Amino acid sequence: MGVVDMSNNPPTSRTKDFFASPALSLSLAGIFRGAGASAAANNEVEEGYEGSGGAGGGSKREETTVEISSENSGHTRSRSDADFDGGGDGDDDDGDGDGDDDSKNKKKKRKKYHRHTAEQIREMEAYVLFKESPHPDEKQRQQLSKQLGLAPRQVKFWFQNRRTQIKTIQERHENSLLKSEIEKLREENKAMREAINKACCPNCGMATTSRDTSMTTEEQQLRIENARLKAEVEKLRAAVGKCPPGATSTSSCSAGNDQENRSSLDFYTGIFGIDKSRIMELVNQGMEELKKMATAGGPLWIRSLETGREILNYDEYVKEFSAENSSNGKSNRSIEASRDAGVVFVDLPKLVQSFTDVNQWKAMFPCLISKAATVDVICGGEGPNRNGAVQLMFAELQMLTPMVPTREVYFVRYCKQLSAEQWAIVDVSIDKVEENIDASLAKCRKRPSGCIIEDKSNGHCKVTWVEHLECQKGTVHTMYRSIVSSGLAFGARHWMTTLQLQCERLVFFMATNVPTKDSSGVATLAGRKSILKLAQRMTWSFCRAIGASSYHVWNKVTSKTGEDIRVSSRKNLNDPGEPLGVILCAVSSVWLPVSPNVLFDFLRDEAHRNEWDIMSNGGPVQTIANLAKGQDRGNAVNIQTMKSKENSMWLLQDSYTNAYESMVVYAPVDITGMQSVITGCDSSNIAILPSGFSILPDGLESRPLVITSRQEEKITEGGSLLSIAFQILTNNSPAAKLTMESVDSVNTLISCTLRNIKTSLQCEDA
């Protein structure tokens, strides 16, 4: 098997890897379909059985793989029967029978080691990667031993040592990352302290240096933003009765210390009118309800014959949990309930941590969460996993289109360990919390929702997700009315498929052995990771840019061909991840009579790019690097080049698909900067401005047209909801104003792209 060594001592990343754990490293073996054999010559196993030196008899793997190996890999050695049977012969040379006990013991401890053949190592490595288990059972070990001409115990010890080696490499890698992160934080802390000491008075915090009368544009923008935030704080404090309006400005910086130092119990008793004991009672009730909702079958949950999804029997729910029926005096509110389950490739502690840390939680679901914050911690929990943690949280939930309003929800999250292998995460909204913060926010409430996480072997977890919302009925665009009212948009299936895909991406990110076809065009592990990080940042930026979040103010314009286009602008003052200046974002959402899978494959394929991308001018597009980030071939990051007579342009593209939604996100990149990223350099300072597509099913599910075993006949007729977004830099100066010429340009860009897509897919009349 041809192997290329990609371990060129890559530079240590300064970004902490999420879910970097030994258990996760072991789970990599179940994902990838190839294995290297560069360590074959270094693996030695002790002789302890007759015939143990025989050549392996396994079949040779034909697939060429690229091994991206760690710099910390070393020898692996296995124990023999002598370790368990009290030693071997041991007395085959010098010494007489009158020697003391110490010399005899030393002779007994002598071991003979047998070097495995490269073929034996290759077969056992391939077994780890292709059989999806680094823990073969007794029957599997017997089969391997016969196949390779080894003793079963030798096979057992080889696998033990291999697992230990992977764990050691991972721990060294984690330590290196942590040291780098600590050093970075120390430098940042030192710089911040020096800046504060130079610029501010230690008593009042006011500036001590004289300023010029002419302020920079950045300072003006910051002062305007500061004034706006102060006004919002004043309004909130007046609303909750924390202090009367106008009582916040004092000459001393320590004026608000008394209120800031109030305990969580005082905070909830004084502001929300609910004490801590009542909150704990409510979250415990919510936990019991979640466990029943996650495990119960009929008659509480009924499976639909048409769609195959589970439907909540609401009458049975009211009877079971003595819940208030929302139809009594609340005809303007609707109930959305859904349940889904699946297996994710991540170990239990890291998955629990992603729910207790609000930043990790938001990063895990970028297409669903536009804003998230921990308002206050009611109970910090116990131990490293924060068992029993209770926190008040806020989230703004979105769809990837400005045509569907966001949902703002306050809820209390309770994380509890049910057993050694099972955790539960429950979210529940509490009466009076939203109303006392802002009555206008009480449009969406969470009834007990969340997930039950069960630890499986080898870094796998089974997750059962329940989503139960009570929302105020509002106006939704006709295109999205079906998918929103059916509960698909914010339901359990959406959360579950997103979690699975993100965990799979993290597994591929941590991979050390990648088949050639899944990592072409990149020669090092560091280069692969740098590109994947840049693509991830690009996709996060795209998700933030096109939603209906309060981050943006959308204005509606009509294109020349009749499509509704939403336009928003923003100014980037100092973010190195985007170009500095005025950025214009335009989004249009349309319905197309094409299945989501067909539309996704068409948009991501470089062979079809010149059919819709007017920037290519009809010229050929070539892929110079392709990195897999999931089992589905559609989940990949690639670098494409478009060549013309005048110049050449590189594009970074990130394609993403699951059972619910798909995305194709791309952005032009600086060729010199991208070449440095390919070699493994840090990508955090690469300025990138993504555009792309979001693809959803139209929500009109129906039963199959015929009953057949042929897969192609099972596909039901259904359309797609396509959101197309373009972002352009209209001016390099943040002080510049948006012009109508820029709006017309992006309007034309969207209209032409949509027309080209419809023409290529033969749906011009849609």
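My aim in this report is to walk through the structure given alongside it, one point at a time.

Thresholds, definitions, all that
- Residues numbered from 1 in each chain as written.
- Predicted model: local features only at pLDDT ≥ 70, side-chain atom pairs only at ≥ 80, totals over all residues.
- Heavy atoms only, no water.
- Buried < 20%, exposed > 50% of the residue type's maximum accessible area, 1.4 Å probe, protein only.
- Helix = DSSP H or I, 4+ residues; strand = E, 2+ residues; numbered from the N terminus.
- Arc of directions from axis to C-beta.
- Contact = heavy atoms within 4.5 Å.
- Polar contact = N/O pair within 3.5 Å; in protein donor to acceptor, adjacent residues only side chain to side chain.
- Core = buried A, V, L, I, M, F, W, Y, C linked by side-chain atoms within 4.5 Å.
- Pairing = 2+ DSSP bridges.
- Salt bridge = Lys/Arg side-chain N within 4 Å of Asp/Glu carboxyl O.
- Axes fitted to C-alpha atoms, helices over the stretch in contact; angles between N-to-C directions.
- Parallel < 35°, antiparallel > 145°, perpendicular 65-115°, else oblique.
- Nonpolar A, V, L, I, M, F, W, Y, C, P; charged D, E, K, R; others polar.
- Phe/Tyr/Trp six-rings, centres within 6.5 Å; stacked < 30°, edge-to-face > 60°.
- Lys NZ or Arg CZ within 6 Å of the ring centre and 35° of its normal.
- 1 Å grid on protein atoms, 1.4 Å probe; cavity = no way out; pocket = protein on both sides within 12 Å on 5 of 7 lines; lining within 4 Å.
- Points joined across faces, edges and corners; volume = space filled by probe spheres on them.

### Some words on helix α20 (residues 671-678)
Right, on to step 1. Within α20, the full set of buried residues consists of G673, M674, V677 and I678. Around the axis of α20, the buried residues are gathered within 145 degrees of arc, so they sit on the same side.
Right, on to step 2. Contacts made by the buried residues of α20 are with α17 (525-546), β22 (636-643), β23 (648-657) and β24 (662-669).
Right, on to step 3. By the N-cap criterion, in which a side-chain oxygen at the helix start approaches the backbone nitrogen of a residue two or three places on, α20 is capped by D670, the distance to T672 being 3.4 Å.

### Things to note about the nonpolar core
Right, on to step 1. Among the nonpolar cores identified, the biggest contains 47 residues, and W361, M399, I453, W465, Y480 and L499 are the most heavily contacted of them.
Right, on to step 2. Apart from residues lying up to four places away in sequence, W465 is in contact with S338, R339, D340, F355, F365, G450, C451, A492, W495, M496 and L499.
Right, on to step 3. Within the second largest apolar cluster, 35 residues are counted, among which are L532, F542, I546 and L627.

### What to know about unusual backbone geometry
Right, on to step 1. The peptide bond linking G298 to P299 adopts the cis configuration, its omega dihedral lying at 5 degrees.
Right, on to step 2. Considering the arrangement of structural elements, one finds P299 in the loop between α10 (276-295) and β6 (301-303).
Right, on to step 3. Phi is positive for R386, close to 55 degrees, though the residue is something other than glycine.
Right, on to step 4. On the secondary structure map, R386 appears in the loop between β9 (369-379) and β10 (390-397).
Right, on to step 5. Here R386 falls in the partly exposed class, since its relative accessible area comes to 24%.

### Some words on the sheet that holds strand β25 (residues 691-697)
Right, on to step 1. Taken in spatial order, the ten strands line up as β17-β21-β22-β23-β24-β25-β26-β20-β19-β18 in an open sheet, and their pairing is antiparallel. Each edge of the open sheet is held by one strand with a lone partner, namely β17 (519-520) and β18 (555-558).
Right, on to step 2. In this sheet, β22 lies alongside strand β21 (residues 621-628) in antiparallel orientation, the contact comprising seven bridges. Along β22, the bridge assignment pairs V621 with M642.

### Side note on the pattern of salt bridges
Working definition: two side chains of opposite charge can pair if their charged atoms are close together.
Right, on to step 1. Inspection of every chain in the model, using the stated rule, returns 19 salt bridges.
Right, on to step 2. One network of salt bridges, with partners in common, ties together R413, D427, K446 and E467.

### Focus on the packing of helix α16 (residues 492-509) against α17
Right, on to step 1. Relative orientation of the contacting elements α16 and α17 amounts to 155 degrees, with a least axis distance of 10 Å. By the angle class used here, α16 and α17 are roughly antiparallel. Across the interface between the two elements, R505, F508 and F509 from α16 touch R528, K529, L532, K533 and Q536 from α17.
Right, on to step 2. Counted by class, the contact of α16 with α17 contains three nonpolar, one polar and four charged residues.

### A look at the packing of aromatic side chains
Right, on to step 1. Within this structure, the stated rule accounts for 13 aromatic pairs.
Right, on to step 2. For the ring pair Y317 and F321, a centre distance of 5.1 Å and an interplane angle of 50 degrees mean the geometry is tilted. Here Y317 pairs with F321, and both are found in helix α11 (residues 314-321), just four residues apart, close to one helical turn. The same class applies to Y317 as to F321, namely buried.
Right, on to step 3. Ring centres of W361 and F411 lie 6.1 Å apart, and the angle between their planes is 75 degrees; on these two criteria the pair is classed as edge-to-face. Of the two residues, W361 is situated in helix α13 (residues 358-364) and F411 in strand β11 (residues 407-419); the sequence distance between them amounts to 50 residues. Of the two residues examined, W361 and F411, each falls in the buried class.
Right, on to step 4. An aromatic cluster is built from F355, W361, F365, F411, W465 and W495, whose rings are joined through pairwise contacts.
Right, on to step 5. The ring centre of Y551 lies 4.7 Å from the NZ or CZ of K371, which sits over that ring.
Right, on to step 6. Sitting over the ring of W361, R413 keeps its end group 4.3 Å from the ring centre.

### Here's the deal with the packing of α17 against α20
Right, on to step 1. Where α17 meets α20, the closest approach of the two axes is 7 Å, and the angle between their N-to-C directions is 130 degrees. If you check the angle between α17 and α20, you find them oblique. Facing α17, whose interface residues are G527, S530, I531 and L534, α20 presents M674, V677 and I678.
Right, on to step 2. Considering only residue class, the contact of α17 with α20 consists of five nonpolar, two polar and no charged.

### Structural notes on the pairing of strand β26 (residues 720-731)
Right, on to step 1. As paired elements, strand β20 (residues 581-592) and β26 share eleven bridges and run antiparallel to each other. Among the inter-strand pairings, V582 is bridged to a residue of β26, identified as N731.
Right, on to step 2. Examined bridge by bridge, β25 and β26 share six bridges and lie antiparallel to one another. Its bridge partner being in β26, I695 is matched across the sheet by L722.

### Looking at the environment of T748
Right, on to step 1. Turning to its location among the elements, T748 is positioned in helix α22 (residues 740-760).
Right, on to step 2. The class for T748 is partly exposed, based on a relative accessible area of 31%.
Right, on to step 3. C-alpha separation for the pair T748 and S559, spaced 189 residues apart in sequence, amounts to 7.4 Å.

### Quick look at empty space enclosed by the protein
Right, on to step 1. Enumeration over the complete set of coordinates arrives at five cavities of 30 Å³ or more.
Right, on to step 2. Each pocket or cavity is described by its volume, and for the largest cavity that value is around 120 Å³.
Right, on to step 3. Lining the largest cavity are P366, L501, Q502, R505, Q536, T539, W540, K629, N635, D654 and Y656.
Right, on to step 4. For the lining of the largest cavity, the secondary structure elements donating two or more residues are α16, α17 and β23.
Right, on to step 5. Taken together, the residues of the lining of the largest cavity break down into four nonpolar, four polar and three charged.
Right, on to step 6. A volume near 70 Å³ is recorded for the second largest cavity.
Right, on to step 7. Looking at the second largest cavity, the residues that line it are F355, W361, R413, I425, D427, K446, S449, G450, C451, W465, E467 and W495.
Right, on to step 8. When residues of the lining of the second largest cavity are traced back to their parent elements, those giving at least two are β12 (422-428), β14 (449-455) and β15 (461-472).

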